[in-house]
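An overview of the molecular structure
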Amino acid sequence: MFSIYILTYNEELDIAACIESAMLSDDIIVVDSCSSDRTVEIASRYPIRVIQHAFESHGRQRTWMLESIPPKHEWVYILEADERMTPELFAECEEASQSPDYIGYYVAERVMFMNRWIRYSTQYPRYQMRLFRHGKVWFTDYGHTEREVCEGATSFLKETYPHYTCSKGLSRWIDKHNRYSTDEAQETLYQLEEGKVNWQDLFFGKSEVEKRRALKDLSLRLPARPLLRFVYMYFFLGGCLDGRAGIAWCTLQAFYEYLILLKVWEMKYLPKPNLDATVILAQESTQQLQCEDSETTQADAA
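Residues numbered from 1 in each chain as written. Predicted model: local features only at pLDDT ≥ 70, side-chain atom pairs only at ≥ 80, totals over all residues. Heavy atoms only, no water.

Its location among the elements puts Arg 147 in strand β9 (residues 145-150). For Arg 147, which is buried and forms no salt bridge, the nearest opposite charge comes from Asp 217, at a distance of 4.7 Å. Excluding its chain neighbours within four sequence positions, the residues that come into contact with Arg 147 are Trp 138, Phe 139, Thr 140, Tyr 142 and Arg 213. (Helix = DSSP H or I, 4+ residues; strand = E, 2+ residues; numbered from the N terminus. Buried < 20%, exposed > 50% of the residue type's maximum accessible area, 1.4 Å probe, protein only. Lys, Arg positive; Asp, Glu negative; His and termini not counted. Salt bridge = Lys/Arg side-chain N within 4 Å of Asp/Glu carboxyl O. Contact = heavy atoms within 4.5 Å.)

Within the largest apolar cluster, 27 residues are counted, with the highest numbers of intra-cluster contacts made by Phe 2, Ile 4, Ile 6, Tyr 77 and Leu 131. For this core, the elements supplying multiple residues, two or more each, are β1 (3-8), α1 (15-22), β2 (28-32), α2 (39-43), β4 (75-80), α4 (87-96), β5 (104-113) and β10 (154-164). Excluding residues within four positions of it along the chain, Leu 131 makes contact with Phe 2, Trp 75, Val 76, Tyr 77, Cys 93, Ala 96, Gly 104, Tyr 105 and Leu 157. With 18 residues, the next largest nonpolar core counts Ile 69, Ile 78, Ala 108 and Met 129 among its residues. (Core = buried A, V, L, I, M, F, W, Y, C linked by side-chain atoms within 4.5 Å.)

Below, the discussion takes up the UniProt feature "domain: Glycosyltransferase 2-like" (unreviewed entry) in the chain. UniProt's feature table lists "domain: Glycosyltransferase 2-like" (unreviewed entry) at residues 3-122, given in the numbering used throughout. Along residues 3-122, the helical share is 28% and the strand share 28%, with 29 Å between the first and last C-alpha atoms. (UniProt positions renumbered as here; feature names shortened; annotations may be inferred.)

Of the consecutive residues Tyr 124 and Pro 125, the connecting peptide bond is found in the cis state with omega at 0°. Position of Pro 125 relative to the elements: it lies in the loop between β6 (116-117) and β7 (127-133). Phi is positive for Asn 10, which is not a glycine, with a value near 50°. Here Asn 10 shows up in the loop between β1 and α1. The phi angle at Ala 224 is positive, at roughly 50°, despite the residue not being glycine. Inspection of the secondary structure puts Ala 224 in the loop between α7 (208-219) and α8 (225-236). Take Ala 224: its relative accessible area is 48%, and that puts it in the partly exposed class.

Pairing is possible between side chains that carry opposite charge, provided their charged atoms lie close to one another. In this structure the tally under the stated criterion is 19 salt bridges. Note that Glu 41 is salt-bridged to Arg 38, the shortest N-O span being 3.5 Å. The partner of Arg 229 in a salt bridge is Glu 257, and the shortest N-O contact between them spans 2.6 Å. Of the two residues, Arg 229 is situated in helix α8 and Glu 257 in helix α9 (residues 243-269); the sequence distance between them amounts to 28 residues.

This is the structure we're talking about:
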């Protein structure tokens, strides 16, 4: 058996189905980033642990979670609300966690969009570190997301998990990627100034993860990135075989790339807005107090 962490923020539409898919485990922990909808209310109906913590970044939230919320089992799996655990994946995770040879395993996602698996234009299989021995894997920030730091050998699982990327509607997808593009623009500027392309990993990387990360570092330095991304995904990866959903997906990804470039230009050439620091601090304090109140309530209830 292994524990399952579920990360949430305003996931009232997805959280029930996600938790029910994970109920194969006897230790489920929902880590909520102070949702303003019914996420916590719905999650609290299940026999699981629900903890709230103010969101700082994807990497920091995962690190705080692993350091502050001890799991029941030695092995843990990280699940997000718009993803699902499957019986086949759960069984393979149970078997893999018995091996003394590895401290963690990468799992590939199946992107579900417009009621269809986007098989080709998503670089399938794209792997994420999801199953690992507690205390042996940590996370750092990279762009809008995170990258893992592993203290030992890792491997890959064969089973995959469905990822419903647009389950809450296109407007929510656009809002989310508008936020993501800001972090990606900051990371782009940093990589252009301080980073470099790992050509060895790009051509001779030992895994899909190494090759994909080297390819991303290269893509940051290419001209006409939005157009190149569409051509690469739609024609070279075979997005045209994903049908109507495929062309929509590739178009959205090209739009996302263009939004990142616009924000890179904005950060380089436009003066930063002179925001009232007092207002910002007040907003952060309010969010922190809301989380502290929720944590106090949870402690009293326990």
